[in-house]
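# Notes for the structure review
Chain by chain, the residues:
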Amino acid sequence: MTSKTKVIQSDLIPANLAPIIEALCLVSKDVAKIIAKGSLGQSLAHQVGENSDGDGQKALDVIADDMFAAALKETSVRWYASEEQEDAILLNEAGKYALAIDPLDGSSNIDVNVSIGTIFSIYETKEGAEESFLRPAKEQLAGGYIVYGPATALVVTFGNGTMQFVLDPDTGAYALAEKAMEIPQTSKEFAINASNYRHWTKPVRAYIDDCLAGVEGPREKNFNMRWVGSLVAETHRILTRGGIFLYPRDGRKGYENGRLRMVYECAPIAFVIEQAKGRATDGSDPIMNQAAETLHGRAPLVFGSAEKVDRVAAYHDLPEEEVSALFGQRGLFRG
Ligand code: AFP
C-alpha cells in the first residue's frame, strides 16, 4: 500500500465521515501491531495512572488514547471525549463533529491475550463539549467498535444497518465482510458476571435463576453462559451468534448505575445492536432514548436478541410476589 491509498474505502461510509473513519482505522492498525507483539514489545498492561473515576489506567490505554487524539486532530473532529481524559479536548476549532471514544476497552485482558477493542461514537458537534455529548444516544451520526482479536475488524453503523469490515493482513486494508449484520433471534447464551449475583436486583436474579433452572425450570430449556470481561468481544459474539449481555445496576458502591459508561460505551454499542435488529436497554427502557448527565456517567446495559432483552424488561414489570427464585410460572407480559 502506498501512503496515499486509503486503509478503508467504501461507498457505504458517508463521505463527510470517511476521513474520521479512515483516521480511526489507520491508528487501529498500529494498535493491533502493538498488541500482536505481546510481551516481546513494550510493557502494555502495567498501571500508569488512574482515570477520572479512579479506575486504573494501563499503559496501552494511554498509548492508544494519545494515538487516536493525534490522528483525529487532522480531521473535522472539534471535540474529543475519551475515557482516559477528565474533560473533552478541543482538537479542531473549525471541526464539525464531536467524537467520544474508549480507546482501549477490556484492558484487564491485555496481558492474557484475550480480544480487546476500541469503541467510538460520533455526533454533529455543538459549540460546547457538554452539549455535544450529553444528548440522546439516538442523535449519534455513527457508532462502532474495532475488535483486536484473532481478526481485527471494524463494526460500524451510520444509521442504515450495521456493517463489518475486516483488516486483511495480506493487503493491510479493511475490506467489507458484511453489509448488513443481523443478530440471530434465538440463542441459548447469556453473558453476565455471575460473581455479582448477591448484588443484583430481584428481577435480574429471577431472570438468571430461570436460565439456570434449565429445562426443568420455567424456561423449559437449557442455557449456556459466557463472560469474557471485554465488552467488544461480547458484542461481537452476540452480533454473530445471538444471545444477551447484562451489566445491570447492582448494590455495590459506585455500581448504582452499573459499570459501563453511557457516552462512549453504552450509546455506540446500543446503536450498533439496534441497527442489527437487536435491542439495547438499561434493563427496562431503550438506551437510544437516553442521555448521559455527565461525560463519564454510567448506565446499566442489557442488549442482544430482541426477544431476550424484552423478556428481561418484563421481569422488571413483574409484581413483587412473582419476583422470587422459586416462583413457578411467571405472568410475563410486555409488548
Ligand atoms: P476494563 O477496561 O477495566 O478491563 O473493563 C472492561 C469493561 O468495561 C467491559 O469491557 C467489560 O464488559 C466489563 O468492564 C467487565 O467488568 P467486570 O470486570 O466487572 O466483569
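Residues numbered from 1 in each chain as written. Predicted model: local features only at pLDDT ≥ 70, side-chain atom pairs only at ≥ 80, totals over all residues. Heavy atoms only, no water.

Per an unreviewed UniProt entry, the protein is named Fructose-1,6-bisphosphatase class 1, and its organism is Thalassobius vesicularis. Entered under Sequence similarities (unreviewed entry) in the UniProt record, the comment concerning the protein runs "Belongs to the FBPase class 1 family." Its UniProt record gives the protein the following Pathway (unreviewed entry) comment, quoted word for word: "Carbohydrate biosynthesis; Calvin cycle." (UniProt positions renumbered as here; feature names shortened; annotations may be inferred.)

Let us now look at a negative patch on the surface. A contiguous patch of negative charge on the surface is contributed by E86, D87, E130 and E131. Position of E131 among the secondary structure elements: in helix α3 (residues 129-133). Classification of E131 as partly exposed rests on a relative accessible area of 39%. (Patch = residues over 30% accessible without salt bridge, like charges linked within 9 Å, V, L, I, M, F, W, Y side chains within 5 Å. Areas by Shrake-Rupley, 256 points an atom, 1.4 Å probe, with all protein chains shown as cover. Salt bridge = Lys/Arg side-chain N within 4 Å of Asp/Glu carboxyl O. Lys, Arg positive; Asp, Glu negative; His and termini not counted. Charge placed at Lys NZ, Arg CZ, Asp CG, Glu CD. Helix = DSSP H or I, 4+ residues; strand = E, 2+ residues; numbered from the N terminus. Buried < 20%, exposed > 50% of the residue type's maximum accessible area, 1.4 Å probe, protein only.)

The next subject is the pattern of salt bridges. Inspection of every chain in the model, using the stated rule, returns eleven salt bridges. A salt bridge links R279 to D310, with the nearest nitrogen and oxygen atoms 2.7 Å apart. With R279 in strand β14 (residues 279-281) and D310 in helix α7 (residues 306-317), this residue pair connects regions lying 31 residues apart in the sequence. A salt bridge links E307 to R311; the shortest N-O distance between them is 3.4 Å.

Now for the packing of helix α4 (residues 202-212) against α7. The interhelical angle for the contact between α4 and α7, taken along N-to-C directions, is 130°, at an axis separation of 8 Å. With respect to α7, the axis of α4 lies oblique. In the packing of α4 onto α7, the handedness of the crossing is right-handed. Along the contact surface, α4 presents P203, V204, A206, Y207 and D210, while α7 presents K308, R311, V312, Y315 and H316. (Axes fitted to C-alpha atoms, helices over the stretch in contact; angles between N-to-C directions. Parallel < 35°, antiparallel > 145°, perpendicular 65-115°, else oblique. Left-handed = near helix turned anticlockwise from the far one by under 90°. Contact = heavy atoms within 4.5 Å.)

This part is about the layout of surface pockets. Taken as a whole, the largest pocket holds about 620 Å³ of empty space. If you go around the largest pocket, you meet 31 residues; those closest to its centre are D105, G106, S108, G229 and R259. Mapped onto the lining of the largest pocket, the elements with two or more residues apiece are β2 (56-58), β5 (97-105), α5 (231-241) and β13 (244-247). Each of two domains, domain 1 (17-181) and domain 2 (189-329), supplies a minimum of three residues to the lining of the largest pocket. (1 Å grid on protein atoms, 1.4 Å probe; cavity = no way out; pocket = protein on both sides within 12 Å on 5 of 7 lines; lining within 4 Å. Points joined across faces, edges and corners; volume = space filled by probe spheres on them. Domains from an automatic or database assignment.)

Let us now look at the packing of helix α1 (residues 18-37) against helix α2 (residues 59-72). Running from N to C, α1 and α2 point in directions that differ by 150°, and their axes come no closer than 9 Å. One way to sum up the angle between α1 and α2 is to call them roughly antiparallel. Here α1 and α2 pass one another in a crossing that is right-handed. Between α1, through I20, A23, L24, V27, S28, D30, V31, I34 and I35, and α2, the contact on the second element is made entirely by L60, I63, A64, M67, F68, A71 and L72. Within the contact of α1 with α2, the residues separate by chemical class into 14 nonpolar, one polar and one charged. (Nonpolar A, V, L, I, M, F, W, Y, C, P; charged D, E, K, R; others polar.)

Among the nonpolar cores identified, the biggest contains 44 residues, and F133, Y145, L231, L239, F245, L301 and F303 are the most heavily contacted of them. A total of ten residues in this core trace back to one element, the largest contributor, which is helix α6 (residues 262-275). When residues of this core are assigned to domains, at least three map to each of domain 1 (17-181) and domain 2 (189-329). Discounting residues that sit within four places of it in the chain, F245 has contacts with A191, W227, L231, E234, I238, L260, L301, V302 and F303. Among the nonpolar cores identified, the runner-up in size contains 41 residues, and A23, L44, Y148 and F158 belong to it. (Core = buried A, V, L, I, M, F, W, Y, C linked by side-chain atoms within 4.5 Å.)

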